[in-house]
Amino acid sequence: MTATKKDGSFSEDLKFAAQSSATMVILMGVQKLAEIASEILKYRTAQTPFAVIQNGTLENEVAVVGTLEDIPNLIGLINTSEPGVIVVGDVVAQHPAFFEEEVQRVLHSNL
């Protein structure tokens, strides 16, 4: 889905998908990632996994993974001037990098 309509407002699709338990795949939304996350957080928990994938399947692929609550801390790792795909849902937890990030979150939260 696309997150925004031509006028820049959020699409109804985003709202309805966020209310479901379905995996969300959002195209053309990297520049508004923080705003999209805020909208999704109205319906899902802060621990919901997300990924931003840029240059997928290429040698210079970048995948930033975390939870919705992590987005303010991770936004600097994402080149918001480049296109990408945003994936939101439990399926993201299957990515090896998510597991590594989760281990680091647990370790640092106990310090």
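Described in the following lines is the structure provided in the data block.

Thresholds applied
- Residues numbered from 1 in each chain as written.
- Predicted model: local features only at pLDDT ≥ 70, side-chain atom pairs only at ≥ 80, totals over all residues.
- Heavy atoms only, no water.
- Helix = DSSP H or I, 4+ residues; strand = E, 2+ residues; numbered from the N terminus.
- Buried < 20%, exposed > 50% of the residue type's maximum accessible area, 1.4 Å probe, protein only.
- Contact = heavy atoms within 4.5 Å.
- Areas by Shrake-Rupley, 256 points an atom, 1.4 Å probe, with all protein chains shown as cover.
- Polar contact = N/O pair within 3.5 Å; in protein donor to acceptor, adjacent residues only side chain to side chain.

Below, the discussion takes up the overall build of the chain. Helix and strand counts for the chain stand at four helices and four strands. Expressed as a percentage of the 111 residues in the chain, the buried residues total 33%. Contacts in the chain between residues far apart in sequence, at least 24 positions, make up 60% of those at least 6 positions apart. Accessible surface computed for the chain: about 6,800 Å², of which carbon and sulfur atoms make up 56%.

Time to look at the side chain of Thr48. Here Thr48 is to be found in the loop between helix H2 (33-40) and strand E2 (49-54). Take Thr48: its relative accessible area is 8%, and that puts it in the buried class. Polar contacts involving the side chain of Thr48 include one to the main-chain carbonyl oxygen of Thr45, which spans 2.8 Å. Not counting residues within four places of it along the chain, the set of residues in contact with Thr48 comprises Gly66, Thr67, Leu68, Val88 and Gly89.

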